[in-house]
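# Descriptive analysis of the structure
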Amino acid sequence: MSESIPHIQLHTPEAVSCSNCAACCCQLEVMLITDTGVPRRYIDTDDWGGEVMLRLDDGWCAALDRNTMRCTIYEVRPLICREFETASPECLEERKGMSSIYR
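Okay, so let's go over this structure.

Criteria and thresholds
- Residues numbered from 1 in each chain as written.
- Predicted model: local features only at pLDDT ≥ 70, side-chain atom pairs only at ≥ 80, totals over all residues.
- Heavy atoms only, no water.
- Core = buried A, V, L, I, M, F, W, Y, C linked by side-chain atoms within 4.5 Å.
- Buried < 20%, exposed > 50% of the residue type's maximum accessible area, 1.4 Å probe, protein only.
- Contact = heavy atoms within 4.5 Å.
- Phe/Tyr/Trp six-rings, centres within 6.5 Å; stacked < 30°, edge-to-face > 60°.
- Lys NZ or Arg CZ within 6 Å of the ring centre and 35° of its normal.
- Helix = DSSP H or I, 4+ residues; strand = E, 2+ residues; numbered from the N terminus.
- Salt bridge = Lys/Arg side-chain N within 4 Å of Asp/Glu carboxyl O.
- Lys, Arg positive; Asp, Glu negative; His and termini not counted.
- Polar contact = N/O pair within 3.5 Å; in protein donor to acceptor, adjacent residues only side chain to side chain.

### Quick look at the nonpolar core
In this structure, C26, V38, Y42, M53, A63 and I73 are the most contacted members of the largest nonpolar core, which totals 14 residues. With sequence-adjacent residues up to four places away left out, V38 is seen in contact with L32, I43, M53, I73, V76, R77 and P78.

### Observations regarding the packing of aromatic side chains
Within the structure shown, the criterion is met by zero aromatic pairs. We note R77 situated over the ring of Y74; from NZ or CZ to the ring centre the distance is 3.7 Å.

### Points about unusual backbone geometry
At M69, a position not held by glycine, the phi torsion is positive, near 60°. Tracing the backbone shows M69 in the loop between β3 (64-65) and β4 (70-71). Residue class for M69 comes out partly exposed when judged on its relative accessible area of 24%.

### Re the pattern of salt bridges
Summed over the entire model, instances satisfying the criterion amount to two salt bridges. Across the salt bridge formed by R40 and E51, the nearest N and O atoms sit 2.9 Å from each other. With R40 in the segment before β1 (43-45) and E51 in strand β2 (residues 51-53), this pair connects stretches of sequence that are eleven residues apart. Judged by its relative accessible area of 52%, R40 falls in the exposed class. Between R66 and D58 there is a salt bridge, and its shortest N-O distance comes to 3.1 Å. Overall, the relative accessible area of 31% leaves R66 in the partly exposed class.

### Some words on the side chain of R77
Position of R77 among the secondary structure elements: in the loop between β4 and α1 (79-83). Buried charge without a salt bridge: R77, with E75 as the nearest opposite-charge side chain at an N-O distance of 5.8 Å. Polar contacts involving the side chain of R77 include one to the main-chain carbonyl oxygen of Y74, which spans 2.7 Å. If we ignore the near neighbours within four places in the chain, the residues touching R77 are T36, V38, C71 and R82.

### A word on the environment of E51
What makes E51 partly exposed here is its relative accessible area of 37%. E51 sits 19 residues away from L32 along the chain, and the two C-alpha atoms are 5.5 Å apart. Once residues within four sequence positions are removed from consideration, E51 is found in contact with V30, M31, L32, R40, I43 and D44. Among the polar contacts listed, one links the side chain of E51 to the side chain of R40, at a separation of 2.9 Å.

Next up, the structure:
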């Protein structure tokens, strides 16, 4: 008689991808420190006069498509967004903060 071995879901960085991400990094404040071509309609000014990505009343980046949870300006996204790598320690930390949406 064989015993069954329980399957355990391992949450490794390799498992993180755009297809299973809820874009929680799109709720962070994004400072614009270089010109990547972000359309003016997505730019706001912070309390200190710096340019940041506009966030809507729901807290999400204005450039985020709420239906697909994908960036609508990916090709011209800010430098900070380009450097915030999928499955990086920073990404995994932000995902922890949104644990209720991940299984």
